[in-house]
Amino acid sequence: MNRLLEQLRSLDPNDPGRWPLVFRIGAIAAILIVATAFGVYMFAWKPQNPLLQQAQAEEATLFTTLEGKARKAANLDAYKVQLAEMERSFGAMLRQLPNRTEVPNLLVDISQTGLSAGLEEKLFQPSSEVKRDFYAEFPIKIRLTGNFHAVGSFVSGIAALPRIVTLHDIQIQPASKTSGDQLQIDVVAKTYRYLDDEEQAPVEKQPAPKKKAGAARS
């Protein structure tokens, strides 16, 4: 071993031709290894490195997507139960909407609620229905007079109706300067009707009339 080290120290780097055969072969092999490694890096690894990084990024994205889908799959039964509960709640709300034939009776119930509360009806004016996405609403302008407790009873009675009725644009003021505790309430009550499939279907647009060609100038 010491002899080999002494031979290595005695080698002249400026005159490799005089090296022993073993060292010359070793040097050539080392140069070939370094050149091969450099060629692999320059012509194989370096051009493919961006593709490798892109593949790693895609792998991370796919893994995140897989985790999300796995969580959703694990909660699928809970989602089904929640969806069924939402459908039941929506069905219960739809049952609270009057159909076309029940609307007149509901208007009577709204009017009677005010009278039963001890209010005097000054105005009860139903307006035309307004169609929305899957329902139509019926606004009713109402003006009533009575004391504070009667107004409270009217609001409570409206909330207790079996059909959905909402109150909007509520204005309360003294009925007159000499009315004492008498109040005047102006309110827009809205009830709603569920639209059937035919009513929900979009109305086809009629083609625009063709313009008549103008008369040719002489």
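Up top is the structure.
Residues numbered from 1 in each chain as written. Predicted model: local features only at pLDDT ≥ 70, side-chain atom pairs only at ≥ 80, totals over all residues. Heavy atoms only, no water.

Peer 1: Before we move on, could you go through the overall build of the protein chain and cite the residues and values that matter?
Peer 2: The number of helices and strands found in the protein chain is six helices and five strands. Along the protein chain, helices (α) and strands (β) appear in the sequence α-α-α-α-β-β-β-α-β-β-α when read from the amino end. Residues classed as buried in the protein chain amount to 21% of the 218 residues present. Working note: accessible area of the protein chain is about 17100 Å², and carbon and sulfur atoms make up 59% of it. (Helix = DSSP H or I, 4+ residues; strand = E, 2+ residues; numbered from the N terminus. Buried < 20%, exposed > 50% of the residue type's maximum accessible area, 1.4 Å probe, protein only. Areas by Shrake-Rupley, 256 points an atom, 1.4 Å probe, with all protein chains shown as cover.)

Peer 1: Could you give me a rundown of the pairing of strand 3 (residues 135–146), with the residues and numbers involved?
Peer 2: The buried fraction of strand 3 amounts to nine of the 12 residues, a majority that puts the element mostly inside the structure. Judged from the six bridges that link them, strand 1 (residues 120–126) and strand 3 form a sheet pairing that is antiparallel. Directly across from Pro126, in strand 3, lies its bridge partner Ile140. Strand direction decides the pairing type here: strand 2 (residues 130–131) and strand 3, joined by two bridges, are antiparallel. (Pairing = 2+ DSSP bridges.)

Peer 1: Now, about a nonpolar patch on the surface: what can you tell me, with residues and values included?
Peer 2: A contiguous nonpolar surface patch, about 480 Å² in accessible area, is contributed by Phe38, Tyr41, Met42 and Phe43. Residue position: Phe38 is located in helix 2 (residues 21–74). Take Phe38: its relative accessible area is 53%, and that puts it in the exposed class. (Patch = residues over 30% accessible without salt bridge, like charges linked within 9 Å, V, L, I, M, F, W, Y side chains within 5 Å. Salt bridge = Lys/Arg side-chain N within 4 Å of Asp/Glu carboxyl O.)

Remember that the coordinates give geometry; whether it matters functionally is a separate question.
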